[in-house]
2 protein chains.
Amino acid sequence: MKRKGILVVVSGFSGAGKGTLMKNLIKTYDNYALSISMTTRQPRDGEQEGREYFFVSKEAFEEKAGQDGLIEYACYCGNYYGTPKEYVETQLGMGKDVILEIEIQGALKIKKKFPSALLLFVMPPSAEQLKKRLAGRGTETQEVIEKRLHRAVEEAKGIGSYDYIVVNDDLEMCTRELHSIIRAAHSAVARNEEWIENMRQELDVLVKGEK
Amino acid sequence: MKRKGILVVVSGFSGAGKGTLMKNLIKTYDNYALSISMTTRQPRDGEQEGREYFFVSKEAFEEKAGQDGLIEYACYCGNYYGTPKEYVETQLGMGKDVILEIEIQGALKIKKKFPSALLLFVMPPSAEQLKKRLAGRGTETQEVIEKRLHRAVEEAKGIGSYDYIVVNDDLEMCTRELHSIIRAAHSAVARNEEWIENMRQELDVLVKGEK
């Protein structure tokens, strides 16, 4: 049974610990490739070209989009964000499961374009925990915390479009859980139609041979 | 997050090794309960009351069905087969994942009645392997083998209604795979609507509290 890569979309509230979780997943298992988004926004302190994002000019971004070189893209707060197509397709072809960490609108676009994509939503163990984590960073003003909580309320409305939730309580347990969900997804009937059809034909041939 | 039991329906071709697989799954992990069907057919050599089936009279079966005491039932070759409801509901309520090993028509009835049931189909690694296993038992006539292959061709048409396939090549690997699929199913959005709704309400309260 040839293993085909799955396009895995990961979203979650700001403060749910998505970033750390993704890093740990990729570090722990070798079947994953992390898709890096392209953006026209300025790099922030500590961000590295090709690690957090590919930072490009508005012109370069629009050219890429015009050549159908992005799986999806969107504009937020005056900046473009998009998923380069080539990397995703190459890695999927090699049998890697490709992780896209994107927000909900992007996730829904992906699902429409790639119905076999797997949509995961990372949740904090409780709303109270989410607030604590947001405040706990210590770097955010009360205003920013409130804004993020508001955004979480909005995002929570969209969870119904996702396939699985992953509750991020303990990092290691959650990493295993995430891996287990993605691994199981490889066995979905919808992702093995070719193999099943092949089995049907083999059975037909055998039965005819018996006559 | 309170764990609710999942109703797991397992089907598969005769000779795919379902029985051995189920026994190994239940022996290896403690979160499963195996539902035993009720039938009006005569016990075969080596079959034990309450292990393979509950063997009852036609009258007793019809009484049970009339009292809505069966989740599903059907008549094959003049005998009734059905799934007693009480055991399934008690075990699910205790958080156990309940395994029903039934054929495809029964499986589809279950899915209709319990949309959150998980439908698994056990496959041999290849059609050739299936034939070898059927022949390898040594106890079957050529006629029986042909009949089973024919039946497999028919059953293979219904695989599209299942959620996952499990390829039974190596028993231990397949057991882990099966367990992994069922475990992942607990994280499906569709099986956690109550928890997600609760999170939404908690977030709402928090945001209102911030104002």
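Residues numbered from 1 in each chain as written. Chains lettered and ligands numbered in written order. Predicted model: local features only at pLDDT ≥ 70, side-chain atom pairs only at ≥ 80, totals over all residues. Heavy atoms only, no water.

Attention shifts here to helix α7 (residues 171-185) of chain B. All names here are of chain B. The terminal C-alpha atoms of α7, which comprises 15 residues, lie 21 Å apart, in line with the 21 Å expected from a rise of 1.5 Å per residue. Listed as buried for α7 are C174, T175, E177, L178, H179, S180, I181, I182, A184 and A185. Sitting at the amino-terminal end of α7 is D170, which places a side-chain oxygen 3.2 Å from the backbone nitrogen of E172. (Helix = DSSP H or I, 4+ residues; strand = E, 2+ residues; numbered from the N terminus. Expected span 1.5 Å × (residues − 1). Buried < 20%, exposed > 50% of the residue type's maximum accessible area, 1.4 Å probe, protein only. Polar contact = N/O pair within 3.5 Å; in protein donor to acceptor, adjacent residues only side chain to side chain.)

Residue and element names in this part refer to chain A. Summed over the entire model, instances satisfying the criterion amount to 18 aromatic pairs over all chains. Geometrically, the ring pair formed by Y29 and Y32 is edge-to-face, given 6.4 Å between the ring centres and 80° between the ring planes. Each of the two residues, Y29 as well as Y32, counts as buried. (Phe/Tyr/Trp six-rings, centres within 6.5 Å; stacked < 30°, edge-to-face > 60°.)

The next thing to look at is helix α6 (residues 142-156) of chain B. One full turn of an α-helix is made of 3.6 residues, so residues set three or four places apart face in the same direction. Residues and elements named next belong to chain B. With 15 residues, α6 should reach 21 Å at 1.5 Å per residue; the first-to-last C-alpha distance of 21 Å fits that figure. Inspection of α6 places I145, L149, A152, V153, E155 and A156 among the buried residues, and these make up the whole buried set. Projected onto a plane normal to the axis of α6, the buried residues spread over an arc of 170° and lie on a single side. Among the exposed residues of α6, those pointing more than 90 degrees away from its buried face are E143 and K147. (Arc of directions from axis to C-beta.)

Once that is clear, we can look at unusual backbone geometry. In this structure, D68 of chain A is a non-glycine residue whose phi angle is positive, near 60°. Assignment of secondary structure puts D68 of chain A in the loop between α2 (58-66) and β5 (70-76).

Take the interface of chain A and chain B next. Tallying the contact residues gives 47 residues for chain A and 47 residues for chain B. We note a salt bridge from R183 of chain B to E177 of chain A, for which the minimum N-O separation is 3.0 Å. If you look at where chain A meets chain B, you find 14 residue pairs in polar contact (both at pLDDT 80 or more). Those elements that provide at least two residues to the side of chain A that touches chain B are α5 (127-136), α6 (142-156), β9 (164-167), α7 (171-185) and α8 (193-210) of chain A. Ranked by residues supplied to the side of chain A that touches chain B, first place goes to α8 of chain A with 10 residues. (Contact = heavy atoms within 4.5 Å. Salt bridge = Lys/Arg side-chain N within 4 Å of Asp/Glu carboxyl O.)

Nothing here speaks to function; it is all geometry.
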